Amino acid sequence: MLSYRHAFHAGNHADVLKHFVLVELLNYYRQKDKPWTYIDTHAGAGCYALGSEVAAKTGEFTDGIGRLWAREDLPAIVQDYVAAVRQFNPSGRLVFYPGSPALAMTLARAQDSLRLFELHPADLRALQQTFGKEARVKINGADGYSGLKSLLPPPSRRAVVLIDPPYEVKDDYRRVLEVLAEAMQRFPTGCYALWYPLLDRAESRRLPEKLAGLEAGSWLDVRLMTRHPPAEGLGLYGSGLYLINPPWVLPERLEKVLPWLTEVLGIDEGAGFELDYQIE
Ligand SMILES: C[S@@+](CC[C@H](N)C(=O)[O-])C[C@H]1O[C@@H](n2cnc3c(N)ncnc32)[C@H](O)[C@@H]1O
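Right, let's walk through the structure included here.

## Some details on the pattern of salt bridges
When their charged atoms lie close together, side chains carrying opposite charge are able to pair. Applying the stated rule across the entire model yields 20 salt bridges. We note a salt bridge from E24 to R253, for which the minimum N-O separation is 2.7 Å. Of this pair, E24 sits in helix α1 (residues 13-29) while R253 sits in helix α10 (residues 250-265), placing them 229 residues apart in sequence. Residue classification places E24 among the buried positions, given a relative accessible area of 9%. Note that R223 and D221 form a salt bridge whose closest N and O atoms lie 2.6 Å from each other. The same class applies to R223 as to D221, namely buried. Among the charged side chains, a network of salt bridges with common partners joins D221, R223, E274 and D276.

If you want it as structure tokens, here you go:
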């Protein structure tokens, strides 16, 4: 079932959390000249026009990147992320929002490479149009979970892997655990970032406990809630990112910025954040 289209959600609060941490991870990997590989198991369309009928229908970006866009007090840690989004909006108006592959590309050097998986035919076409001629990018219209296994370990032995499924089907909750367990075996030193939704749904509630069961040596779990869970229904009230082998500097950097981000993105008094980690 491929009903999910990221265009409805591009630039929302969940993208802000996911993408600002992604920029942090890749910036950390850029500190050494040695090449890195960025693997995106669920790449999406790559770049989104916020004025399109689809994005405008939900307007989710207005409570996400829209709240950061005009701020003059951006903490240093968020500045690189917003600067990367600005590269796609040279007029200064927020018109386009770059998805994870496009953001990663802004940080890729001549020696780095991107491996992208996307199953939806329309989003796959969009990705191919954006990156088609770029030799550093390989795009695969295949299942990202199986694709990831086939790429590990990467020749560079340095990789940041984003696993960002739609979670529209229960199976995603099972497959993310399976793929992480296998990836940790094949390539134990890789940096893995799993995005997950905070929803009032049993699978979503149980996920953090199941992730802990992977028994990774170094891990970080960050959750940002923008509001109280809705009294009824399955509305997204926040999201989390679970990292395996995060940079050792990341907890301290997140501790500094999360209060600010929560205040800026918060919708009601249910807004808050949680940060747990273990760095070995
Ligand atoms: C949340 S979106 C990705 C957003 C993107 N990572 C970003 O941050 O800009 C999830 C994408 O995964 C695609 N997808 C769903 N199942 C997939 C699978 N098994 N393998 C690869 N892509 C899949 C969907 O079509 C959708 O475009």
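## Details of the site of the ligand
Taken together, 21 residues sit near the ligand, with H19, H42, E118, D143 and D164 positioned nearest. The backbone of H42 places a nitrogen or oxygen atom 2.8 Å from a nitrogen atom of the ligand. One of the backbone nitrogen or oxygen atoms of L119 is found 3.4 Å away from a nitrogen atom of the ligand. Looking at the shell around the ligand residue by residue, the class counts come to six nonpolar, nine polar and six charged.

## Some details on a nonpolar patch on the surface
A surface patch of nonpolar side chains, amounting to about 340 Å² of accessible area, comprises W248, Y277 and I279. Following the sequence through the fold, W248 ends up in the loop between β9 (238-244) and α10. The exposed category is assigned to W248, whose relative accessible area is 61%.

Definitions and cut-offs
- Residues numbered from 1 in each chain as written.
- Predicted model: local features only at pLDDT ≥ 70, side-chain atom pairs only at ≥ 80, totals over all residues.
- Heavy atoms only, no water.
- Salt bridge = Lys/Arg side-chain N within 4 Å of Asp/Glu carboxyl O.
- Helix = DSSP H or I, 4+ residues; strand = E, 2+ residues; numbered from the N terminus.
- Buried < 20%, exposed > 50% of the residue type's maximum accessible area, 1.4 Å probe, protein only.
- Near = heavy atom within 4 Å.
- Polar contact = N/O pair within 3.5 Å; in protein donor to acceptor, adjacent residues only side chain to side chain.
- Nonpolar A, V, L, I, M, F, W, Y, C, P; charged D, E, K, R; others polar.
- Patch = residues over 30% accessible without salt bridge, like charges linked within 9 Å, V, L, I, M, F, W, Y side chains within 5 Å.
- Areas by Shrake-Rupley, 256 points an atom, 1.4 Å probe, with all protein chains shown as cover.

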